[in-house]
Structure formats: C-alpha cells, structure tokens
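Chains, contacts and geometry: an overview
The chain contents come next:
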Amino acid sequence: MISKPNRSPRGPILPFLLLLLSTADASHVVSGTTARLPMSLSTVIQDLEAEGASYVTTAAFLTSQSVRRSTCSSLLRSLFSISGEGDHDDEVIYGETTAFGKKLDDDDDDEGSDADGGGSGVAIACPSRGEATVSEVSSTVVACGGTVVYVADEVDLGRGEGLFDALGPAVERLLAARAAAESGDGGGGTTLKHRPSTLIVVFTGAASAAEIESSRRLFEASAAKMLRSIIQPVAATSHRATKLSDVFDRIEYVSSNEKDVDMQLCPAGGKVGRKNSPSAREPAEVAGSVRTVVEAGLVENVGPMVEMAAKVPVKQACPRLMGNAVDLAAARVLGPLAKTCLEECLSLVRTSCGADGKKVVPEFGSLCDASVSRALRDFDAAASKTKRFQKSPVAKRIRADLLENLHSELSDVYDVQVSALQAAAFDAFRARLNKLRITPNLANDMNDAAKTSLDEFATAAKKLRPSSSASWTGLSDQIANVRTKFARHNAERLLAARASGQFRPVPRKGVTVGMHWLLPKPFGNDYRQEPWLEHTADDLVFAPVDGVTDVGGGDVRTGDWRKGVVPAPTSGEMMYLK
C-alpha cells in the first residue's frame, strides 16, 4: 500500500477562497433607482462611474404580454445573476425599480482588457409592463441604443398575439431615430450613428435546442409580420427592414435557464466587459444618449417642471425641446421656481389646516384662492424678469402645470376638510337629538333636527369651496351623502325607541263612510252596464228640499224604482227623472 504524502490544507483552499471572494466582489449590483425612464438611466450611469467603471453598456429588459409579474421578477434576477447576497441586490425589484447598474468582473488576462482603467459595467432599464407607457418603453430602447433583452412567452408564441405590444413601437421609434441621426435632422442626435445593437430573446417554454429552434422560427415569422405593419422612415440611404437582422446587429435565442445574460450583450459576440466591445461606451457618451432622447422630445409628458415632484399626472402634452436655448433656459430656471411656489402654497394651507388637514377652516375656500393667487403672482413676477420667457411654450407649459398641480394638491386637502366637516355636523346632529323629549311626535321632531343640521352643513360646505373648483367633488353630492346619513341614523334611533317601549306613535284616526239607501250607485255610474243604461235621455231636476221623496210602496213592490233614481256625485241632493 502506497501512502500519499500529507499536504497542508491551507495550500489548495486559500487560493480557492480568494477566487470566490474576488468573484463575489467583482461582479455586483451597484445601485437601483425608481425614477422615471429613461431619465433614471442617468442616475445609474453616474453610480457606475463613481464605482470606477470606465465603460458602460446599456440594455432594456422587456417581456411579452402573457409573462406573469412573478415570472418577470424571477427572470430579472436569474438572467442577470442577482443572487440577493450583494449589498444592493435588494434594490432590484421588478415593478418598482426602473433601472439598476451592475459592475462587471474585470478580466485582466484578456488582451483587450484595460488594465489601467476601472473596469466596465452594465445599466439595465426594466420598465414594468402595465405601468410604463409605450412612449417610455420606446424612448428607453432608443436611449439604450437598441440593445434589448426580450422575454417571449410560449402562449404568445403559439397564438401569435401579444408578442410585440411593447417591442413593436420600440422598433418603430428606433428606426425613426436612426434615420434622423443619419440625415442630420437632430431628432436622434449623433450618439445613435453606427451604434451596434443586440437582441437577446429568452423563451420561457423552451429548454432543449430543438425547442429553442422551433420557438425561433415562430418568433421570426411573427417579427416579419410586425415589421411589415409598422411605419418605417423613407429615405434614399435606408432600406425597409423586413427581418430582425435588419434592425439588430446580433440576435441570440436562449432559454429561460440562461445565466449571466448581461455578459452576452456585446454585438461582436465577445464578453461585454472588454474595452474593445462595440457596445461599451464611456459614461459621458451613454448619458449623452439619454439626454438626447429627452431633449429631442421623444418622451411624452416629460415636463422639465413640477411633474417630477407632483403626485398627480399632468394632462397636457409636453412641447418638444428641439435645442431652443430659450426653452432650455426656461426649463432650467422656471422648473425649480414652480416647485418652490407649489411647496410654499401647500405649506401655507397646511399651516392653517394642520399637518393632517383635519382641522376645519371655516373660510377654506378663500384661503385656497388667496394661496393660489399668491403662488401664481410670485411665479409671474420672477418669470417676467426675463422677457424672452414670455413667448416660450415651455414657460407657458410650466405655468399651466403649476396651476394644475396646485388645484390637484389642494383638492386632496379639500376632501379631508369636507370629511372633517361631515363628522362635526354629525356630532352636532346627534347632540341635537339627545335634547329631544320622547313624545308621540318624536319622528317629526327628529326630522326637523335633521333638516336644521343639514342646512348648517350646506352653509358651511359652501365656504370650503374655492372659486376655481369645477373638477372637485360636487356640493350637491356631499349634501346628499349627509342627508342619507342623517335619515339612516334617525330610522335606527326611532326603531330603538319603539323597541324599548318608550315611543308610541299617535294613534291613527278612523274614517267614516256613510251610504244612503236610496243611492244604488253611491260612487258613480256603473260602467259595467250597457251604454244606453248609464245615462238617460230625459232631463234631470233637483229634488225639492221639502221632500218629495217618494217612491211609493206599490212602486217598490211592483216596479223597478232604480230606474227613477240617478246619483249625482257633484250634488248633495237626490235627482229624479222627469
């Protein structure tokens, strides 16, 4: 038996541990953000640059229609190898995080690696399906240079629907931006010129190579139909895209079990972390792509104003910023000013109403009118110092947004004020009921108390509404709600008093009905008879007061005396035939 020499365990284990530590420290999530796309990519790029990344690759993570939200969340973490053990891994949450940055492992043994640089990173935009608009998704894909990681569900592949609800408009916008960049119109800027792109398609229901190949054929057939249906730019230097390879420089089809997809984003097929990768760009250049998309007006409803700080959406469309120096200056100067005016107005109102807004201010409407007028007056005074802003559409949009956001924010405080006033009115109504005595007229007394309390509430509620509150809850609806609440409470209290035996209503008076024996038809003619029997052709006369009453005994026994008496509902006396 040959014995093996004893080796120290410190020799082989120490390099292995160092390798694990270096791998864990090298590739990790740097940060995540919940800001709006595509502007949130700029924040992630800055964080990557702060971590020492000299080159950044951007990509958009999109899914088809039938991919469930839980599946999107798990695929986002598995495809980009987010284990949850990193310091910032918990910042990547699908549906909340709009973009995150990941610092990649530096391969010093690579010939193309930059030993003197700080390495590379990827910035992944992950717009949530159902929450991000089509415009946000399309502008994000343009800002990422057309590099997309797309998850295609097997259900959508089978039926041929729901595959390109988000990707189709994004491809249309990407082709238009590229054409504008090549023609020099400025719509797509110079950053999109000759920028290679990669499309990685992830199939959820495919595991083997044969299944992936079958899914690929279905996907490309549906993509060809999509490309025929979208609007493509017409230019002498460009040809119409008929297949995906006309749009993307590199296309890869993988299964949902794939890992480290972010390392496969290089259009040349190598590692994305290399310096010479066509997708690797300097952080300033990538940030310039995002800025170009925003300034070119490719993002709808992105105001350079209060919308980022407001809780409510702005209803108007944002004017396109086509590089006008006055518009850009207006956005830079008046945006923060509008935000300050909004905060000062809300602070003034909340000082009077309390932090929660439940302190009822009797003249809340006048307070709102004065606060809004003061905010607009301060804004106009500051904006009028620069005469060039008076004709700027951006300056007009900022002012309109400020007014809209003032009314929207104050409407929330108004709703709290009305709720507090309703509670106070109900307490006063109950106090008024407690002073009533239990009498047979208790129901009427309770109704009178409800009417008095309702009138007081209506008078006070009118003072809560400012002059410009057309879009707020109507006063008639609020009064109707209080009236219903009062009536329901009265009914419950009355039932409780009756059940306890304390309340007995006033007895009802009887109705006496008398009939004269000479009136065979006391309630009018009997229309069930023949028509010629209902009315007589002879004249009618009033019976004399002295009392010719007389239907003789013989007539009663022998004749039909009923033909001689006709009732007259309009007269109190008998009428006889002539």
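Above this note sits the structure.
Structural notes, computed from the coordinates.

**Describing unusual backbone geometry**
A cis amide bond links leucine 37 with the next residue in sequence, proline 38, at an omega value of 0°. Within the fold, proline 38 resides in the loop between strand 1 (28-33) and helix 2 (40-50). We note that serine 81 has phi near 55°; this positive angle belongs to a residue other than glycine. By secondary structure assignment, the location of serine 81 is in the loop between helix 3 (69-79) and strand 3 (99-103).

**Description of the packing of helix 10 (residues 364-383) against helix 11 (residues 393-434)**
For the pair helix 10 and helix 11, interaxial distance at closest approach is 11 Å and the crossing angle is 160°. On the basis of their axis angle, the class for helix 10 and helix 11 is roughly antiparallel. Where helix 10 crosses over helix 11, the two elements pack in a sense that is right-handed. Contacts between helix 10 and helix 11 involve Phe364, Cys368, Val372, Ala375, Leu376, Phe379 and Asp380 from the first element and Ile398, Arg399, Leu402, Leu403, Leu406, His407, Leu410, Val413, Tyr414 and Gln417 from the second.

**A word on helix 3**
Every buried residue belonging to helix 3 is among Cys72, Leu75, Leu76, Ser78 and Leu79, and all of these are buried. Serine 81 occupies a position one or two residues after helix 3 and carries a positive phi of about 55°.

**Here's the deal with the sheet that holds strand 5 (residues 148-152)**
Here we have 7 strands laid out as an open sheet, ordered 1-3-4-2-5-6-7, and mixed in their pairing. Looking at the sheet topology across the chains shown, the edges are occupied by strand 1 and strand 7 (250-255). With strand direction ignored, the average angle separating the axes of adjacent strands in the sheet is 20°. Lying over the sheet, helix 2 contacts strand 1, strand 2 (55-63), strand 3 and strand 4 (120-125), oriented at roughly 20° with respect to strand 3. Along the sheet face, helix 4 (residues 134-143) touches strand 2, strand 4 and strand 5 and points at about 150° away from the line of strand 2.

**Things to note about the pattern of salt bridges**
Taken as a whole and judged by the stated rule, the model has 12 salt bridges. Across the pair aspartate 156 and arginine 159 runs a salt bridge whose closest N-O atoms are separated by 3.1 Å. With aspartate 156 and arginine 159 both in helix 5 (residues 154-159) and 3 residues apart, this pair spans about one turn of that helix. Between arginine 250 and glutamate 252 there is a salt bridge, with its nearest N and O atoms 3.3 Å apart. A cluster of three or more residues bridged by salt bridges with shared partners is formed by Glu213, Arg216, Arg217 and Glu220.

**A few points about the nonpolar core**
Residues Leu334, Phe364, Phe379, Leu402 and Leu406 are the most contacted members of the largest nonpolar core, which totals 51 residues. Contributing elements (two or more residues each) for this core: helix 9 (325-353), helix 10, helix 11, helix 12 (442-464) and helix 13 (475-500). Top element by residues in this core is helix 11. It accounts for 14 residues. In this structure leucine 334 touches Ala329, Phe379, Ala383, Phe389, Ala395 and Ile398, once residues within four positions along its chain are discounted.

**Section: the packing of aromatic side chains**
Evaluated as defined, the whole model comprises 11 aromatic pairs. For the pair phenylalanine 203 and phenylalanine 219, a centre-to-centre distance of 6.3 Å together with 70° between the ring planes defines the contact as edge-to-face. Here the residue phenylalanine 203 occupies a position in strand 6 (residues 198-203), and phenylalanine 219 occupies one in helix 7 (residues 209-229), the gap between them amounting to 16 residues. Ring geometry for phenylalanine 219 against tyrosine 253: centres 6.3 Å apart, planes inclined by 75°, an arrangement best described as edge-to-face. In this pair, phenylalanine 219 is assigned in helix 7 and tyrosine 253 in strand 7, connecting sequence segments 34 residues apart. The same class applies to phenylalanine 219 and to tyrosine 253, which are both buried. Pairwise contacts between aromatic rings join Tyr150, Phe164, Phe203, Phe219 and Tyr253 into one cluster. Residue placement shows lysine 485 over the ring face of phenylalanine 426; its charged tip is 4.4 Å from the ring centre.

**Regarding the environment of threonine 43**
You can see threonine 43 is positioned in helix 2. We classify threonine 43 as partly exposed; its relative accessible area is 35%. As a C-alpha pair, threonine 43 and alanine 99 span 56 residues in sequence and 8.8 Å in three-dimensional space.

**Looking at the environment of arginine 483**
Locating arginine 483 in the fold gives a position in helix 13. Residue arginine 483 is classed as partly exposed on the basis of its relative accessible area, which comes to 45%. Taking C-alpha positions, arginine 483 is 6.6 Å from leucine 454, a pair spaced 29 residues apart along the chain.

**Thoughts on the state of the cysteines**
Two cysteines form a disulfide when their sulfur atoms are joined by a covalent bond. Scanning the model with the defined rule gives 0 disulfides in all. With no disulfide of its own, cysteine 341 lies closest to cysteine 345 among cysteine sulfurs, the gap being 9.2 Å.

**Observations concerning the pairing of strand 3**
Most of strand 3 sits inside the fold, with 5 of its 5 residues counted as buried. Alternating residues of strand 3 divide into Ala99, Gly101 and Lys103 and Phe100 and Lys102, and every residue in both groups is buried. As paired elements, strand 1 and strand 3 share 5 bridges and run antiparallel to each other. What sits directly across from threonine 33, in strand 3, is alanine 99.

**Let's talk about the packing of helix 11 against helix 13**
Two quantities define a packed helix pair, namely the angle between the axes and the distance from one axis to the other. Packing of helix 11 against helix 13 brings their axes to within 11 Å, and their N-to-C directions diverge by 30°. If you check the angle between helix 11 and helix 13, you find them roughly parallel. As for how helix 11 packs across helix 13, the hand of that crossing is right-handed. On helix 13, the residues touching Tyr414, Val418, Gln422, Ala425, Phe426, Phe429, Arg430, Leu433 and Asn434 of helix 11 are Gln478, Val482, Lys485, Phe486, His489, Asn490 and Arg493.

What counts, and where the lines are drawn
- Residues numbered from 1 in each chain as written.
- Predicted model: local features only at pLDDT ≥ 70, side-chain atom pairs only at ≥ 80, totals over all residues.
- Heavy atoms only, no water.
- Helix = DSSP H or I, 4+ residues; strand = E, 2+ residues; numbered from the N terminus.
- Axes fitted to C-alpha atoms, helices over the stretch in contact; angles between N-to-C directions.
- Parallel < 35°, antiparallel > 145°, perpendicular 65-115°, else oblique.
- Left-handed = near helix turned anticlockwise from the far one by under 90°.
- Contact = heavy atoms within 4.5 Å.
- Buried < 20%, exposed > 50% of the residue type's maximum accessible area, 1.4 Å probe, protein only.
- Pairing = 2+ DSSP bridges.
- Salt bridge = Lys/Arg side-chain N within 4 Å of Asp/Glu carboxyl O.
- Core = buried A, V, L, I, M, F, W, Y, C linked by side-chain atoms within 4.5 Å.
- Phe/Tyr/Trp six-rings, centres within 6.5 Å; stacked < 30°, edge-to-face > 60°.
- Lys NZ or Arg CZ within 6 Å of the ring centre and 35° of its normal.
- Disulfide = S-S within 2.5 Å.

In short, geometric facts, not functional conclusions.
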